[in-house]
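# Results of the structural survey
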Amino acid sequence: MASIMDTPRQFHIKTLKGEVGRYVILPGDPERVSVIAEYLDDAVFISRNREYTVYTGYLNGEKVTVCSTGIGGPSAAIAVEELIKCGADTFIRVGTSGGMAEEVVGGDLIIATAAVRGEGTSKEYLTPDYPAVASFEVVAALKKAAEKLSSKDFGNGYHLGVVHSKDSFYGEVEPDGSAVSEDIKERWNAYLRAGCLASEMECAAIFSVGLVRKVRCAAVLTALWNVERSNKGLADNITNDSSRAIKCAIEAIKILIDEDKNE
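Owing to the predicted nature of the structure, the values given are computational and were not obtained by experimental measurement.

To continue, consider the side chain of Glu-119. Counting through the fold element by element, Glu-119 comes out in the loop between β6 (109-118) and β7 (132-133). Salt bridges are absent for the buried Glu-119, whose nearest opposite-charge side chain, Arg-117, sits at 4.8 Å. Only 3.0 Å separates the side chain of Glu-119 from the backbone nitrogen of Thr-121, close enough to count as a polar contact. For Glu-119, the contacting residues outside a window of four places in its chain are Ser-165, Lys-166, Asp-167, Ala-204 and Ala-205.

As a further point, take the packing of helix α2 (residues 73-85) against helix α6 (residues 203-213). Here α2 crosses α6 at 35 degrees, and the two axes come no closer than 8 Å. Crossing handedness for the pair α2 and α6: right-handed. Residues Gly-73, Ala-76, Ala-77, Val-80, Glu-81 and Ile-84 of α2 lie in contact with α6, whose contacting residues are Ala-205, Ile-206, Val-209 and Arg-213. Looking at the contact of α2 with α6, its residues break down into 7 nonpolar, 1 polar and 2 charged.

Once that is clear, we can look at α2. For α2, which comprises 13 residues, the first-to-last C-alpha distance of 18 Å matches the rise-based estimate of 18 Å (1.5 Å per residue) to within 8%. For α2, the full list of buried residues reads Gly-73, Ser-75, Ala-76, Ala-77, Ala-79, Val-80, Glu-81, Glu-82 and Leu-83. On its buried face, α2 is in contact with β1 (23-27), β3 (52-59), β4 (62-67), β5 (90-99) and α6. Gly-87 sits one or two residues past α2 and shows a positive phi near 110 degrees.

This paragraph deals with the pairing of strand β10 (residues 216-226). Counted residue by residue, β10 has 10 buried out of 11 residues, so it is predominantly covered. Looking at chain direction, β5 and β10 are connected through 10 bridges and run parallel. Residue pairing across strands places Val-94 opposite Val-220, the latter belonging to β10.

Another point: the packing of aromatic side chains. The final tally for this structure, using the stated rule, is 2 aromatic pairs. Between Phe-45 and Tyr-55, the ring centres sit 5.6 Å apart and the planes meet at 75 degrees, which makes this aromatic pair edge-to-face. Of this pair, Phe-45 sits in strand β2 (residues 41-49) while Tyr-55 sits in strand β3, and the two are 10 residues apart along the sequence. Centre to centre, the rings of Phe-169 and Tyr-170 are 5.1 Å apart; their planes meet at 90 degrees, and the pair counts as edge-to-face. Tyr-170 sits in the exposed class, given a relative accessible area of 52%.

Below, the discussion takes up the pattern of salt bridges. When the charged atoms of two side chains lie near each other, side chains of opposite charge can form a pair. Counted by the stated rule, this structure contains 15 salt bridges. Notably, a salt bridge pairs Lys-232 with Glu-102, separated by 2.7 Å at the nearest N-O pair. Placement of the pair is Lys-232 in the loop between α7 (227-231) and α8 (243-261) and Glu-102 in the loop between β5 and β6, with a sequence separation of 130 residues. With a relative accessible area of 48%, Lys-232 lands in the partly exposed category. Among the residues examined, Glu-102 registers a relative accessible area of 37% and is labelled partly exposed. The residue Arg-187 makes a salt bridge to Asp-183 at a minimum N-O spacing of 3.1 Å. With Arg-187 and Asp-183 both in helix α5 (residues 181-193), this residue pair falls 4 residues apart, about one helical turn. Residues joined by salt bridges that share partners form a network here, namely Arg-22, Asp-89, Glu-137, Arg-216 and Asp-260.

Bringing unusual backbone geometry into the picture now. One non-glycine residue, Lys-14, adopts positive backbone phi at about 60 degrees. Positionally, Lys-14 belongs in the segment before β1. Look at Lys-14 and you get partly exposed, because its relative accessible area is 30%. The phi angle at Arg-50 is positive, at roughly 55 degrees, despite the residue not being glycine.

Analysis parameters
- Residues numbered from 1 in each chain as written.
- Predicted model: local features only at pLDDT ≥ 70, side-chain atom pairs only at ≥ 80, totals over all residues.
- Heavy atoms only, no water.
- Helix = DSSP H or I, 4+ residues; strand = E, 2+ residues; numbered from the N terminus.
- Buried < 20%, exposed > 50% of the residue type's maximum accessible area, 1.4 Å probe, protein only.
- Lys, Arg positive; Asp, Glu negative; His and termini not counted.
- Salt bridge = Lys/Arg side-chain N within 4 Å of Asp/Glu carboxyl O.
- Polar contact = N/O pair within 3.5 Å; in protein donor to acceptor, adjacent residues only side chain to side chain.
- Contact = heavy atoms within 4.5 Å.
- Axes fitted to C-alpha atoms, helices over the stretch in contact; angles between N-to-C directions.
- Left-handed = near helix turned anticlockwise from the far one by under 90°.
- Nonpolar A, V, L, I, M, F, W, Y, C, P; charged D, E, K, R; others polar.
- Expected span 1.5 Å × (residues − 1).
- Pairing = 2+ DSSP bridges.
- Phe/Tyr/Trp six-rings, centres within 6.5 Å; stacked < 30°, edge-to-face > 60°.

Structure (structure tokens):
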């Protein structure tokens, strides 16, 4: 029986096998793809459709792809699924987040070891009691890279730990506008007590796809600011600069390429 999925190129990201590398960097913003691609050798534009923009180039002689995911779990999961069909097996999300734990300040890097499944996409992949965890190998590579790119200067540190993934941006920043605001606040406070580092919108979905499809996924996030520090009148930074997170992902992929070659 014919299907709309019966096309040579992937249905959403419009890529073919051979156009995608084993290693993939996943920014959310399509405009950030070409910026990241500048760090690759011989990068070329592959495709653009909806929220998905794709470039492919090389690092240390290995093909590496950059593909945007848009905002939120559903579109991120689609990107990962279709990239896997094209041969990818290692993914690093490069994104932004709002700091939660007091030790996180704007400009810090956050390497997500796992994600609170506060969104809906992961429910299509995992049972409610199964955690959305990142690949240890990729987390370790990101940690090595972050150590070289970080310092003790305010807003130039890095952290490893759990992040919160959600579907509603305004549920975080303006919870009183929701009919279930008390529930949102109660869960938020529980995440804080458990040491959650930051809140974002894609990690849980990406990690869940990775677990089920048996590929490697992790994430490095820039804390744009920290809403809890702001609420408490503590010093903080506000930044829109993701360059350090991009460099961290690039260096981590180089580490992984070298490790994979020596296996």
